[in-house]
Amino acid sequence: MKKILVTRSSMPTFEEYCEEIKDIWDSRWLTNMGNKHRTLQRDLEKYLGVPHLTLYTNGHLALENIIAALNLPKGSEVITTPFTFASTTHAIVRNGLVPIFCDIKEDDYTIDTKKIEDLITDNTVAIVPVHVYGNMCDVEEINRIAKKYGLKVIYDAAHAFGVKYKGISSACFGDASMFSFHATKVFNTIEGGCVCFKDETWVQLLNDMKNFGIHGPESVGFVGGNAKMNEFQAAMGICNLRHLNDEVEKRKKVVERYRSHLENIEGIKLSTIQENVDSNYAYFPIVFDGYKYTRNEIFEKLSENGVNARKYFFPLTNSFECYRNMPSAGTEKTPVAQHIALRVLTLPLYADLSLEDVDRICEIILR
Ligand code: T4K
């Protein structure tokens, strides 16, 4: 039986990648911010239209580092959502901060800005919203709230590479945005990630943080870690960036085909098409709410037919075992997120997924 996985990494041809890594062989320079690293950084700054960007070995460490760079008092509170990958909540907690879980909106699954202000206390220092599935958060309202209460805003934009709001790159909102370049993302560097920001003083800080706090040949300013992107990762990024626009176009066709089959079906809800947003077609979530079969039944049926859909994001991070004793945890505090998490399925989506396969997947769901 033909297997269809939830996604499939975008890659250049073997020949293109070999050509790109040739000079790594010649120079024997494999990592530590070499030529490829610098080239990819410049290419991405241009592509995303941001003044500053720091590359990382993965998105999670990028998020951990940018939160650490804010130097927030340990034990202070950060408002975020539980409808996300483990990384978002872990990055907050691993920095000694307390996640306070805000509920999400039912139509696009991003943070419900109407519920943020009720969660703000004297101890609140930041907001870490998630552009989940590539859907943009309400950046204008978040900006208003952050300004009013003097809060920092770091976007988890792991899913939103290349997305634009009113023509402005998703990389340009808040104090900083983190992107993941994991193999499963629209744009990948095998593993990888970056942080985009405006504050020039962070350039040196973030570069030092990902390199043991080494400031110069004989100067180590603070206790940093190691989170540098290596040259092979950067070379993959340089190649993949050349083809990104084509890949997004192909993804768009896949999404349109899904929508043509699944729109207006009783009990099936599709993510809303956001106004003023240019999508990257990162994920295709569908919610079974009052459908003739449950999410889990459809999941099993797809699986029996070789189709590997995923329950992104179930369980919610505020129900993880590791957070059981945290007073702010508990899914009852985020009922909409829990409602969606119990009913959502993300269907296979990648540039080379054939439209015939999309038809077959939809037929299984509708049959
Ligand atoms: N914030 C958010 C909101 C995130 O979603 C993520 C990551 C992060 C932060 C952290 O960023 P990174 O540190 O990862 O850069 C996957 C990814 O590993 C993870 O990056 C991603 N989010 C998460 C949503 O999905 P799994 O455990 O579901 O991956 P896995 O191994 O089951 O792969 C899923 C499918 O992808 C496979 O069935 C086939 C395909 N695949 C996978 C790999 C590893 C490929 O085609 N090629 C591959 O190399 O977590």
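Residues numbered from 1 in each chain as written. Predicted model: local features only at pLDDT ≥ 70, side-chain atom pairs only at ≥ 80, totals over all residues. Heavy atoms only, no water.

**Student:** Looking at this structure, I do not really get helix H2 (residues 35-48). What am I missing?
**Tutor:** Residues lying three or four places apart along an α-helix face the same way, a consequence of the helix completing one turn every 3.6 residues. A rise of 1.5 Å per residue sets the reference length of H2, with its 14 residues, at 20 Å; its end C-alpha atoms lie 20 Å apart and thus fit the reference within 8%. Listed as buried for H2 are Lys-36, His-37, Leu-40, Leu-44, Glu-45 and Leu-48. On an axial view of H2, the arc spanned by its buried residues comes to 165°, and they lie on one face. Projecting away from the buried face of H2 at angles above 90 degrees are the exposed residues Asn-35, Arg-42 and Lys-46. (Helix = DSSP H or I, 4+ residues; strand = E, 2+ residues; numbered from the N terminus. Expected span 1.5 Å × (residues − 1). Buried < 20%, exposed > 50% of the residue type's maximum accessible area, 1.4 Å probe, protein only. Arc of directions from axis to C-beta.)

**Student:** I would appreciate a short explanation of the layout of surface pockets in the present structure.
**Tutor:** The gaps left among the atoms become clear once a water-sized probe is rolled over them. Its volume calculated, the largest pocket comes out at about 530 Å³. Lining the largest pocket are 29 residues, with Phe-85, Ser-180, His-182, Thr-184 and Lys-185 sitting closest to its centre. Elements that contribute at least two residues to the lining of the largest pocket include exactly helix H3 (59-69), helix H4 (86-93), strand E8 (176-180) and strand E15 (344-347). Here the residues of the lining of the largest pocket sort into twelve nonpolar, 13 polar and four charged. Shared between two domains, the lining of the largest pocket takes at least three residues from each, and those domains are domain 1 (14-103 + 111-242) and domain 2 (244-366). Computed from the structure, the second largest pocket encloses a volume of approximately 380 Å³. Every residue lining the second largest pocket is counted, 20 residues in all, and those nearest its centre are Val-255, Arg-259, Ile-273, Ser-279 and Tyr-281. When contributions to the lining of the second largest pocket are tallied by element, the ones reaching two or more residues are helix H7 (231-262), strand E13 (277-278) and strand E14 (284-288). Take the lining of the second largest pocket: its biggest share by element is four residues, from H7. No fewer than three residues from each of domain 1 (14-103 + 111-242) and domain 2 (244-366) sit in the lining of the second largest pocket. (1 Å grid on protein atoms, 1.4 Å probe; cavity = no way out; pocket = protein on both sides within 12 Å on 5 of 7 lines; lining within 4 Å. Points joined across faces, edges and corners; volume = space filled by probe spheres on them. Nonpolar A, V, L, I, M, F, W, Y, C, P; charged D, E, K, R; others polar. Domains from an automatic or database assignment.)

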